[in-house]
Every structure is written in C-alpha cells, then in structure tokens.
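# Observations on the three-dimensional arrangement
Here are the chains, one letter per residue:
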Amino acid sequence: MHESRAATVISTTPFDDQKPGTSGLRKSVPAFRKPHYVENFVQSVFDSLSDHAGKTLVVGGDGRFFNAEAIQIILRMACANGIARVLVGRGGLLSTPAVSNLIRKHRAYGGFVLSASHNPGGPDGDFGIKYNISNGGPAPESLTEAIYANSRRIARYLTVETPDVDLGKLGPQSLEGMTIEVIDPVTDYAALMEQLFDFGAIGALLRSPGFRMRFDAMHAITGPYAKAILEDRLGAPAGTVVNAVPLPDFGGHHPDPNLVHAAELVAATQGPDGLDFGAASDGDGDRNMILGRDCFVTPSDSLAIIAAHADLVPGYAGRLAGVARSMPTSRAADRVAEALGVAAFETPTGWKFFGNLLDAGKVTFCGEESFGTGSDHVREKDGLWAVLYWLNVLAKTGKPVRDLLAEHWRTYGRDYYSRHDYEGLDKAAAETLMADLRAADLEGKSLAGRTVILHDDFAYTDPVNGEHTAGQGVRIGFDDGARVVFRLSGTGTSGATLRIYLEHYEPDPARQHAETQAVLADLIAVAKAVSGVEARTGRTAPDVVT
Ligand code: G16
C-alpha cells in the first residue's frame, strides 16, 4: 500500500465463482452488482501482481451498462493499492485493441478492460473484467490461476473514500495523490493504423463512386473509432459507419458480428445492388466480420488471405515471420504458411495463447474462427484493423472480395467451414457428453465413408515458456482431410454452450463454389451421431450456425 494514501481496508468474504474463463471474468450484470463482487475480483488481481506500486495502468471499457460504476471502483482501488497513474478513455470508453496499444505505447504496467465482448448488455445482460499485462495482452493462464486462487481466500480489499472522478474532461486530475489522465480514446489508435496501412490508397478507394461500403458498429465501442478513421480521415461518405453511437444495451441487440446477429448488414451486401464491402465489429471492438457482394469471408479464410497478401500492406511487407491460429480454426492459414515457407502454430482457443508467440517474434498474424484476427501491432485481436487490412488489399489489387476469395481457393484449395452452437445446455449433461466423446473408441473407424485417423483431446505446450495446457477440445480427423471438433465455450454466463466445428477440404476448383451446409451435411450427421447431442439435450437443431 502507498504510505501517503488514506486507504480504507474493507473486510470481505470470498465468492466461489471468480475463475476467469476464455477471456477474463464474465458474468451477468446482477452477479457483478452483488456487494463486494467487483471489489473482490479487482483486489484478487492486485494481490496477484508484484511491483505494481508506483506504476501506470490503463483502464477503459466498451460503454456497456455498469461500465461507469465499475471504472470508479477500479480507480479508487488502484489508488489504494499504490498505483501512481491511470490512463482512462474519455467517458470510460476504450476498445480492447486500443487498451492493448495504450499499454504498449505508454509502457504501462497493465490494464483493466471492462467488457463482456459480444455478449448482450443492459441491466440483465452481461458484464466482464479482464486484466491485461505489460505486453498489452490478456493475462496468461499462470496469472489467471493466481487471481482465482486469491479470490478463493480473500478477506479484505483496499479502497479510498472519495467522490466519483469526472471522466468527461480531458487532461490530468488527482485522486488522493494518484494521477488520472483522461485521454481521447481514438487518437493513439488512429495514429497506429496510419503507420500500418496505405491510407492514400484506401482513401482513394473509399472516395471513388464505384465503391460502396458499410461498417456496422452495432452500437458498440468501434463506432467512434470507425467514424474518426473511415469517415473523417479517409474520406468515406458520411453514413458509411452505421449504429455508430455506443449504447449501454447495444440497442437491445447482441453486439456480435456474425451472419446471425448482423443479418441486416448481410442483406445489404446481397443481390445486384449489394454493397461491395460490408464489415462489422463487436461490443469491445476486437472481433470482425468481412463481407463482399454476395459473399461472406469466414474468419479462417480471412486469416489465410491476410497472410497471403502481407506484401501489399506497408506495415507488413517483407516481414512475415509465421502464422498462428486456434485449434478449431480451419487449416487455411497453415496452407499459406507452408507455401510461403514460414511457421504455422496451432494453439488452444483464447487470444492469451498468442502472446508469447508474438512477443518472441515467431508469428506476425494470428486468427480465430470466432471472428478474431490480429497481428503483432498489439496483443489483442483487432476488429477495425482487420477491416482496414482488407480495404488495403482491395485497394491495391483492385479486385472485389469475391474474386479474391475464388483466387485464394484456386491456389490453396478451399476449407469449407462452419460452426454449430447448442446454447444454454445443462452443464452436467454437456460435460458428460464431452467426457463420453473423449472416451469413445473412434480411431480407425469408418464414419460416413471416411476413416478416422485422429481422435484426441487437444493439448498444447507453449513453445516459448513450456507451459502445458490440456483438455482443449476433442478433435476427430479423417483420412480425406475433413475434421470435426467439439468443445465447450469458455465465455458463456449461463449453462453450457457446445460448439461443433466442421470442415472439409476441397482442392478441386470445380467444386469450390457449393453451399457450405450442403457440403458439410454428412459431417454434420457424423457429429450428431458420435456425440448424441440431440438425444442427450432434446434439441433438434443448433441455436446458431455460422
Ligand atoms: C474470446 C477470446 C477468444 C475466443 C473467444 C471464443 O473472445 O478472446 O480468443 O476465441 O472468446 O471463446 P469460446 O469459444 O470459449 O466462447 P471475445 O471476443 O469474447 O473476447
């Protein structure tokens, strides 16, 4: 504790459910509003750190319901725990990639990101707290485990008794001797984007009358960033960015950029009058969806195409070190890496697993099937970055999205890909399903005309620090390159969500333009049969298909 500060010590008792998931602690707003709940978790973070006294932190969130209250709690506790300076986005707003950039640029000790990402917000929606370390990335497993252990034995937390800080006013102010610097959320991030991309070429494309695009910010955090960069700096027509004002409940929608939750945007790209380019980002601005006229780029293909075109993008030309993807992401990026003679890594789900690879310079680009793509420019996935990358590639090649996709598949083959989610399942039933899948005897068996050549529960050993992570999802690989993967989501807040990932590799250009679900139909049937998902859960179809 900082000697000169009048910290108050408050007694508390542990909650037993503060184990961080795939991406921080995510719970319903009512759970977070229980007395001492936020304080216990935040103190457990501070108790897991060392040497943080006298250092700088970054704090901001996606503007969802409870963002403002949680930030005030964190500021008081940061002060009581000896932090010297906090950078906060005006109004408490910062996107996840912007926090990552600020930590790196200002050499901060770490930061708190307040968001439940793509989960809905509002008084009955979800909230979340994530702690990022000094490389700008999510806390690694060793730290999240320590936080959880501290949350199980916490008996007190430290705070200061002060009025709320005014976060509407730019500039420095003092809280009991701690400096709070309220900054514009967009400035540093926009400067970074300008260094990476060819703003001249992108601007010319956006201003040309033959090119029509829309960016749907889904009433979430990317609105101010996209408006400032796409419209104000690059000259896209006013109105290019829609749903641009962040709302505490995201207008009552899921701020989740996928084919289901961004259906209006998808519709606007279809037919002869469809937009040339459509894109969306999620609650905290780290996810992205890319659409062309009459076509959707799967996140797995997006990563592969990004890697294949690195030489067209100023920030990446001539320096592709390698590519990493999460295990359930399709192998499209691996094919590009192999062709270019660079390394490809397969990690567990969760951006935190990319951090060491990026820090060690082993990879330049990372991506996940869950609409996440990013690079070594920060240590988070980055929605608007992916959109600017695509615009850079479109501007430099002069080709529409559809042609780029077709060309990519012709060169590398197509990985037909889909994810089927069964949401809100009974937790015990879902866990039994996974246990039975693990125990099943499938290797060598013939299923729907394919032979199983791989059946395991994915485990990963970090090539940089040797940390081992097991139990990351059941993989079933077939002799023709097809694959089915099963895992339980680590980001849900009630019950369990079973994700089934399906992919089929098609090298023949004549067969690369079929409808995805039709191509995958026999694998879908196999997945249902081996897991027994429908009989066990009483469901007749997945809740979300992307
Ligand atoms: C988080 C993680 C991602 C992960 C995703 C899906 O994303 O940061 O790395 O891929 O969850 O996780 P799950 O399949 O366990 O639900 P976000 O955007 O929610 O922070």
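For clarity, every value in this text was computed on a predicted model and none was experimentally measured.

### Section: the pairing of strand S24 (residues 474-478)
Residues in a regular strand point their side chains to alternate faces of the sheet. Taking burial as the measure, the 5 residues of S24 include 5 buried ones, the bulk of the element. Relative to S24, strand S21 (residues 450-457) runs antiparallel, the two being bridged by 5 bridges. Counterpart to aspartate 457 in the pairing with S24 is valine 474. Where S24 lies against strand S25 (residues 483-488), 4 bridges are found, and the strand directions are antiparallel. If you follow valine 474 over to S25, its bridge partner there is phenylalanine 486. Hairpin connection between S24 and S25: a loop of 4 residues separates the two successive antiparallel strands, and glycine 481 in this loop has a positive phi of roughly 95 degrees.

### What about the nonpolar core?
In terms of nonpolar packing, the biggest core is built from 72 residues, with Leu230, Phe277 and Trp385 touching the most fellow members. At 10 residues, the largest contribution of residues to this core is made by helix H13 (residues 383-397). Each of domain 1 (8-185) and domain 2 (188-411) gives at least three residues to this core. Excluding residues that lie within four positions of it along the chain, tryptophan 385 makes contacts with Tyr189, Met193, Leu196, Phe197, Ile306, Tyr316, Phe365, Thr373, Gly374, Ser375 and His377. Counting residues in each nonpolar core, the second largest holds 44 residues, with Leu75, Cys79, Val86 and Ile180 among its members.

### Focus: the sheet that holds strand S18 (residues 372-375)
Reading across the sheet, the 4 strands line up as S16-S15-S17-S18 and stay open at both edges, with mixed pairing between neighbours. Both outer strands of the open sheet, strand S16 (343-347) and S18, are each paired with one neighbouring strand and no more. For this sheet the average axis-to-axis angle between neighbouring strands, irrespective of direction, equals 15 degrees. Of the pairings in the sheet, the one linking strand S15 (residues 322-326) to S16 comprises 5 bridges and is parallel in character. The partner of glycine 322 across the bridge, within S16, is alanine 343. Relative to S18, H13 is tilted by about 75 degrees, and along the sheet it contacts strand S17 (365-368) and S18.

### A few points about the site of the ligand
In the vicinity of the ligand there are 19 residues, among which Glu368, Arg487, Gly490, Thr491 and Arg499 approach most closely. The side chain of lysine 381 places a nitrogen or oxygen atom 2.9 Å from an oxygen atom of the ligand. Between the ligand and arginine 487, the relevant distance is 2.7 Å, taken from an oxygen atom to a side-chain nitrogen or oxygen of the residue. Protein chains shield 99% of the accessible area of the ligand, which is 460 Å² for the free molecule.

### Comments concerning helix H4 (residues 96-105)
H4 sits mainly inside the fold: 8 of its 10 residues count as buried. For H4, the secondary structure elements touched by its buried residues are strand S3 (56-61), strand S5 (110-114), strand S6 (126-132), strand S9 (178-183), helix H6 (187-196) and helix H8 (222-233).

### Brief notes about the packing of aromatic side chains
Tallying each qualifying case throughout the model produces 18 aromatic pairs. With 6.3 Å between their ring centres and 85 degrees between their planes, phenylalanine 353 and tyrosine 460 make a pair best called edge-to-face. A residue pair is termed long-range when its members are at least 10 positions apart, and phenylalanine 353 in the loop between S16 and helix H12 (355-359) and tyrosine 460 in strand S22 (residues 460-461) qualify at 107 residues. Across the pair, tyrosine 460 and phenylalanine 353 agree in class, each one buried.

### Looking at the side chain of histidine 118
Here histidine 118 lies in the loop between S5 and S6. Among all residues touching histidine 118, those that are not within four sequence positions of it are Arg26, His254, Pro255, Asp256, Asp282, Gly283, Arg287 and Thr491.

### Side note on the domain arrangement of the chain
Here the chain is described as being made up of domain 1 (8-185), domain 2 (188-411) and domain 3 (414-545). Counting residues at the interface gives 26 residues for domain 2 and 27 residues for domain 3. Here domain 2 packs against domain 3, burying approximately 2,400 Å² in sum over the two surfaces, 57% of which is carbon and sulfur. Looking only at domain 2, the three residues that lose the most surface to domain 3 are Met327, Arg331 and Trp409, adding up to 27% of its buried area. Applying the counting rule to domain 2 against domain 3 returns 5 salt bridges. Its salt-bridge partner being arginine 335, residue aspartate 415 comes within 2.7 Å of it at the nearest N-O pair. Remark: the boundary between domain 2 and domain 3 carries 11 residue pairs in polar contact (both at pLDDT 80 or more). Residue assignment for the side of domain 2 that touches domain 3 shows that the elements contributing at least two residues are helix H11 (332-340), S16, H12 and helix H14 (401-412). Class assignment for the residues of the side of domain 2 that touches domain 3 results in 11 nonpolar, 8 polar and 7 charged.

Scoring rules and cut-offs
- Residues numbered from 1 in each chain as written.
- Predicted model: local features only at pLDDT ≥ 70, side-chain atom pairs only at ≥ 80, totals over all residues.
- Heavy atoms only, no water.
- Buried < 20%, exposed > 50% of the residue type's maximum accessible area, 1.4 Å probe, protein only.
- Helix = DSSP H or I, 4+ residues; strand = E, 2+ residues; numbered from the N terminus.
- Pairing = 2+ DSSP bridges.
- Core = buried A, V, L, I, M, F, W, Y, C linked by side-chain atoms within 4.5 Å.
- Domains from an automatic or database assignment.
- Contact = heavy atoms within 4.5 Å.
- Axes fitted to C-alpha atoms, helices over the stretch in contact; angles between N-to-C directions.
- Near = heavy atom within 4 Å.
- Polar contact = N/O pair within 3.5 Å; in protein donor to acceptor, adjacent residues only side chain to side chain.
- Areas by Shrake-Rupley, 256 points an atom, 1.4 Å probe, with all protein chains shown as cover.
- Phe/Tyr/Trp six-rings, centres within 6.5 Å; stacked < 30°, edge-to-face > 60°.
- Buried area = accessible area lost by both parts, 1.4 Å probe.
- Salt bridge = Lys/Arg side-chain N within 4 Å of Asp/Glu carboxyl O.
- Nonpolar A, V, L, I, M, F, W, Y, C, P; charged D, E, K, R; others polar.

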